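Each chain, written out:
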Amino acid sequence: MSPAKTMRNTNTIHRRQRPAPQHPFVFFAPTFKGLEATLAEELVALGASEVQAANRGVDFKGSLETLYQANLHLRCAHRVLWHIATFPAADRTQLYEGVRALPWGDHLALPMTLAVDTVGTNANLVHTQFTSRVVKDGVVDWFRDQGKPRPDVDLENPDLALNARISGDTCTLSWDTSGDRLHQRGYRGRHAGPAPLKENLAAALLRLSGYDGTQPLVDPLCGSGTLLIEAAMMAKNIPPGLLGRRFAFTRHPTYDARLWANIQGDARAQIIEPEGCPIIGYDISEGAVRAAATGLAGAGVDDIVRLKRQPLAEMGTFSEGMIVTNPPYGERIGDIEELIPLYETLGSTFKHKCQGMSAHVLTSSKFLGGRIGLKTYRRDAVWNGPLECRLLHYELY
Ligand SMILES: C[S@@+](CC[C@H](N)C(=O)[O-])C[C@H]1O[C@@H](n2cnc3c(N)ncnc32)[C@H](O)[C@@H]1O
């Protein structure tokens, strides 16, 4: 056979026997505005492919294993959506026909129940509730077309939660593989302190501050301890999804119970007992310290965190590691004038008692942030829900 012929044949083989893509599924993990890059780093570390930070979330691809790993390990995401289809939806008819043409038997094995949530509008689809109803009708009528019984709607606790995103004349349909939001780790007691941070926001703040699970850490205004608990879980390598919560993907026809059990088993085997990384929390409120203790115990990290009821002004001296904290910012508790002394005390505490450390403070008040009175080396814009905040970073000499 001539070399030219060999070459041609090889090419033919490549075209005909293209291997199945290793990462066939398309996912989107929403997060807080400003934290997309932090979440993208987590996904890259998990081995997801084609990771792309987008607006309020991250696109990525992967296998069923990637999906389970993402739900188990992601600390900064709200949830993980699995992309079903994108199709024209300029009006009701296009939307309905687009939905009805999809193979719903792949997603709903009766008697599974269904709910649809819509975000976005266009000129003809102006009410999200109406759009959700059209999508639901398309799914239900697919079953009718097949001569099968129709799935029921359950808005409270559906087996399949569909997410329809209308953008321009296009609809993107996904299903929510997480169920309860991923910040619901399951460690909080019923009485969290005032204005607790969302767990995934706390984890993202720690990452943005450079915390990697090995440095000493102090939160002098720890409230119900969210930053401490998330830090301690990182220090022990406990994935946030391993505390007994349930995931919606376990109700989907693709669910592979053995794969999920193996992934959880591997994660359990990688939990460590860290040495020499003290994590310390203080708060002026007895109730907050109690709530923090409950959360620490719930997460199984109370053995590596010390808690004490103590006002900021009485904090002792530290010389290494980092302070990450979230003082009241006058939006929900206290008012701005009243909080000036607290922020000034933070500044003087950093300056006189924390030389050699770094400090990282989340606040929504530029005015109060300025009262700390020290020079920041970086400021990150982070949205705590609708509230635009800054994470202020200080190097303390
Ligand atoms: C916004 S909350 C912190 C919330 C916390 N990050 C969480 O996730 O639960 C602020 C905390 O600062 C505490 N605090 C206010 N003034 C203080 C002071 N002078 N000394 C110590 N703690 C103080 C409050 O009791 C409150 O728990």
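Reading the values: the criteria
- Residues numbered from 1 in each chain as written.
- Predicted model: local features only at pLDDT ≥ 70, side-chain atom pairs only at ≥ 80, totals over all residues.
- Heavy atoms only, no water.
- Helix = DSSP H or I, 4+ residues; strand = E, 2+ residues; numbered from the N terminus.
- Buried < 20%, exposed > 50% of the residue type's maximum accessible area, 1.4 Å probe, protein only.
- Contact = heavy atoms within 4.5 Å.
- Areas by Shrake-Rupley, 256 points an atom, 1.4 Å probe, with all protein chains shown as cover.
- Polar contact = N/O pair within 3.5 Å; in protein donor to acceptor, adjacent residues only side chain to side chain.
- Pairing = 2+ DSSP bridges.
- Axes fitted to C-alpha atoms, helices over the stretch in contact; angles between N-to-C directions.
- Core = buried A, V, L, I, M, F, W, Y, C linked by side-chain atoms within 4.5 Å.
- Domains from an automatic or database assignment.
- Phe/Tyr/Trp six-rings, centres within 6.5 Å; stacked < 30°, edge-to-face > 60°.
- Right-handed = clockwise from strand over helix to strand, strands pointing away.
- Near = heavy atom within 4 Å.
- Nonpolar A, V, L, I, M, F, W, Y, C, P; charged D, E, K, R; others polar.

Caption draft 1: Quick peek at the overall build of the protein. When its secondary structure is counted, the protein shows 11 helices and 14 strands. Along the three orthogonal principal directions, the C-alpha set of the protein runs to about 75 × 60 × 35 Å. Every one of the 397 residues in the protein was classed for burial, and the buried ones make up 49%. Summarising the internal contacts of the protein: among those between residues at least 6 apart in sequence, 76% fall at separations of at least 24. Total accessible area computed for the protein in this model is approximately 19200 Å², and 49% of it derives from carbon and sulfur atoms.

Caption draft 2: Highlighting the environment of Glu 36. By the element assignment, Glu 36 lies in helix α2 (residues 36-46). On the accessibility criterion, Glu 36 (13% relative accessible area) is buried. A sequence separation of 113 residues divides Glu 36 from Pro 149, and the C-alpha atoms of the two residues are 41 Å apart. Among the polar contacts made by the side chain of Glu 36, one reaches the main-chain amide nitrogen of Gly 34 at a distance of 2.9 Å. Here Arg 56 takes part through its backbone nitrogen, which lies 2.8 Å from a polar atom of the side chain of Glu 36.

Caption draft 3: Region of the structure containing the sheet that holds strand β9 (residues 279-283). Across the sheet, which stays open at both edges, the 7 strands sit in the order β10-β9-β8-β11-β12-β14-β13 with mixed pairing between neighbours. Every interior strand has two partners, whereas the edge strands, β10 (305-309) and β13 (378-384), have only one. Between one strand axis and the next, the sheet turns through 20° on average, direction left out of account. In terms of strand pairing, β13 meets strand β14 (residues 387-395) through 7 bridges, oriented antiparallel. Looking at the pairing, Ala 381 lines up with Arg 390 of β14. Its contacts with the sheet place helix α10 (residues 336-353) against β11 (322-325), β12 (358-363) and β14, and it is angled at close to 170° to β12.

Caption draft 4: The nonpolar core, seen in detail. Grouped together as the largest cluster of nonpolar side chains are 111 residues, with contacts concentrated most on Leu 95, Trp 104, Leu 162, Leu 173, Ile 279 and Phe 350. With 8 residues, helix α7 (residues 226-236) is the single largest residue contributor to this core. No fewer than three residues from each of domain 1 (25-176) and domain 2 (199-238 + 272-395) sit in this core. Residues contacting Ile 279, with those up to four places away along its chain left out, are Tyr 211, Leu 217, Leu 228, Ala 231, Ala 232, Ala 235, Ile 304, Val 305 and Arg 306.

Caption draft 5: Broad picture of the packing of aromatic side chains. Applying the stated criterion to the full structure yields 14 aromatic pairs. Here the aromatic rings of Trp 142 and Phe 143 are separated by 4.9 Å at their centres, their planes lie at 80°, and the arrangement is edge-to-face. Here Trp 142 matches Phe 143 in class, with each residue buried. Geometrically, the ring pair formed by Phe 247 and Trp 260 is edge-to-face, given 5.5 Å between the ring centres and 85° between the ring planes.

Caption draft 6: Geometry of the environment of Ser 365. Position of Ser 365 among the secondary structure elements: in the loop between β12 and α11 (366-370). On the basis of relative accessibility, which here comes to 7%, the residue Ser 365 falls in the buried class. Each C-alpha atom, one on Ser 365 and one on Gly 330, is 7.7 Å from the other, the two residues being 35 residues apart in sequence. Residues within four places of Ser 365 in sequence aside, it is in contact with Tyr 329 and Ile 336.

Caption draft 7: Representation of the pairing of β10 within the structure. Direction of pairing for β9 relative to β10: parallel, over a ladder of 5 bridges. Each bridged residue has a counterpart across the sheet, and for Asp 283 the counterpart in β10 is Arg 309. Once you follow β9 into helix α9 (residues 286-299) and on to β10, the crossover reads as right-handed.

Caption draft 8: How the structure looks around the site of the ligand. In the vicinity of the ligand lie 20 residues, with Leu 197, Ser 224, Thr 226, Asp 283 and Leu 312 positioned nearest. In this structure, an oxygen atom belonging to the ligand sits 2.6 Å away from a side-chain N or O atom of Thr 226. Asp 283 places a side-chain nitrogen or oxygen 2.6 Å from an oxygen atom of the ligand. Starting from 600 Å² of accessible surface for the ligand in isolation, the protein chains cover 89%. Broken down by class, the residue content of the shell around the ligand amounts to 12 nonpolar, 7 polar and 1 charged.

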